[in-house]
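Tertiary structure, described
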Amino acid sequence: MTLQMNAGAVRRFAKAMKFGAWLQSIPGKLTPAPFRLVQIGSAYWQSRALFVAARLDVATHLGEECLSAAELAGRLGASGDALGRLMRLLAAIGVFEETAPMVFRNNRLSHYLHSDDPHSVRAMILLHNSETMSRPWFEQLEAGIRSGTPPFLLAHGEELFDYLDHHADFDRLFSGAMDSVESLAGNGFATDMDWGRFDRLIDLGGSRGSKALAILQRHPGLSALVVDRPQVVEEAQRYWANHPAQVVERLHFEAGDLLDSIPAATGPRDIYLLSAVLHAFDDATCVRLMHRLRAAIGESGARAAVLEMVLPETSADTAGAAFDMQMFVGCRGRERTLSEWKSLIQAGGLALEEVVGLRSLGSILVLRST
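Counting starts from 1 at the beginning of each chain's written sequence and moves along it residue by residue. Only residues with pLDDT of 70 or above have their local features reported here, since the model is predicted, and side-chain atom pairs are shown and tallied only from 80 upward, although totals for entire chains, interfaces and linings are computed over all residues. Computation of side-chain values covers all heavy atoms of the structure but excludes hydrogens and water.

What follows deals with the sheet that holds strand β7 (residues 270-275). Strands pair, by our definition, only if DSSP identifies at least two bridges between them. Every helix listed is a DSSP run of H or I at least four residues long, and every strand listed is a run of E at least two residues long, numbered separately from the N terminus. If you trace the 7 strands from one edge of the open sheet to the other, you get β6-β5-β4-β7-β8-β12-β11, paired in mixed fashion. A single partner strand is all that each edge strand has here, and the edge strands are β6 (251-255) and β11 (350-357). The sheet shows a mean angle of 25° between the axes of neighbouring strands, taken without regard to direction. As paired elements, strand β4 (residues 200-204) and β7 share 4 bridges and run parallel to each other. Paired with L201 across the strands is I271, a residue of β7. Axes here refer to lines fitted to C-alpha atoms; in helices the fit is confined to the stretch in contact. Angles between the N-to-C directions go from 0 to 180 degrees.

Quick look at the environment of G349 now. Looking at the element boundaries, G349 is found in the loop between α19 (338-347) and β11. Sequence spacing of G349 and G74 is 275 residues, and the spatial spacing of their C-alpha atoms is 61 Å. Residues in contact with G349, not counting those within four places in the same chain, are H291, R294 and T370. Any two residues whose heavy atoms approach within 4.5 Å are treated as being in contact.

Let us look at the packing of helix α5 (residues 69-76) against helix α6 (residues 80-92). At a minimum axis distance of 8 Å, the contact between α5 and α6 shows a crossing angle of 110°. With respect to each other, α5 and α6 are oriented roughly perpendicular. Classified by chirality, the crossing of α6 by α5 is right-handed. Here A69, A70, L72, A73 and L76 of α5 come into contact with α6, specifically with G80, L83, G84 and M87. Just so you know the grouping, Ala, Val, Leu, Ile, Met, Phe, Trp, Tyr, Cys and Pro go in nonpolar, Asp, Glu, Lys and Arg go in charged, and all remaining residues, Gly too, go in polar. Here the residues of the contact of α5 with α6 sort into 7 nonpolar, 2 polar and no charged. Note on angle classes: values under 35 degrees are labelled roughly parallel, values over 145 roughly antiparallel, values of 65 to 115 roughly perpendicular, and the remainder oblique. Two helices that cross are described as forming a left-handed crossing if the nearer one is turned anticlockwise from the farther one by less than a right angle, and a right-handed crossing if clockwise.

Okay, the sheet that holds strand β1 (residues 66-68) next. Here 3 strands make up an open sheet; going across it, the order is β1-β3-β2 and the pairing antiparallel. The sheet is open, and its two edges are formed by β1 and β2 (97-100), each paired on a single side. Ignoring strand direction, the axes of neighbouring strands in this sheet form an average angle of 40°. Where β2 meets strand β3 (residues 103-105), 3 bridges bridge the pair, whose relative direction is antiparallel. Paired with E97 across the strands is R105, a residue of β3. Running over the sheet, α5 touches β1 and β3 and is turned about 90° from β1. Packing against the sheet, α6 makes contact with β2 and β3, and its axis sits at approximately 55° to β3.

Structure follows, in structure tokens:
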């Protein structure tokens, strides 16, 4: 029996996404080639402007008001002229709205930079544009392309996850950014799969457990165990301590290393969740983790739900190709096509039972023991 829900809506979403990608390609085709190349070559001007606006927390300070650059600068402790020019650039690309000369307010896009908004992606903007994540792109990309070595390793002398282990501030920023993935990708993972068929969700590498909680809120009979690195679990427990008990009483945490051991399943109504975990690893590490997962499932009949982007076999869109490059730059992982996922799953001793389509950037690969 299929775990797919909202199949018609998922198909319509997929068609809309394809149409949107086609529309986005039109300006690039109409722009003269030399100018288009210069646009691409200077695109970092826009990303850095957005980063500074996020650092200054402009959206939060604007709130529901409409402020002149001078008024806003007074609140931020910035130069009115410089801030106005920054805001004008951002308004020109659709972030914030200029309502009168050098007068600005939040709009549909900048709303998601507000610190207190539950769907804010501010942490993701700060992560991707931080010095830690920018240096590999700006300083070591060519060397990484030539050698095949992740530029993050070349820039910092250690792998990303080792770096996280002893850079607490960056680790907290990383966890916050991972929590915002739901805002980026939508909640299709929680609504378009029938989680109600299960009693326990074992969220492997689930950070603070935001994805698990989104699923629990829609399924009162479900509980969740989130497994992640010890420092991530400690921070998550502190984070949820300030929330009402009824919200998180079915959300539990366990510290562990997924490559060493995975909590054992107790029966067929257990399901493991690996959300954007395997794309961070190379093929050999993925196979090793899947063998651990196969051992944890044993003969219980439990399933695993692997939430990942699935690239088309050819002609990937800009978003998919860009995420794949970020995985190369930051770690030893990659985004994969369905045929590549099938090869890894088979090598890991598991079988692909179903691909659940979602109204989001990803899909859920449902796995079982062979």
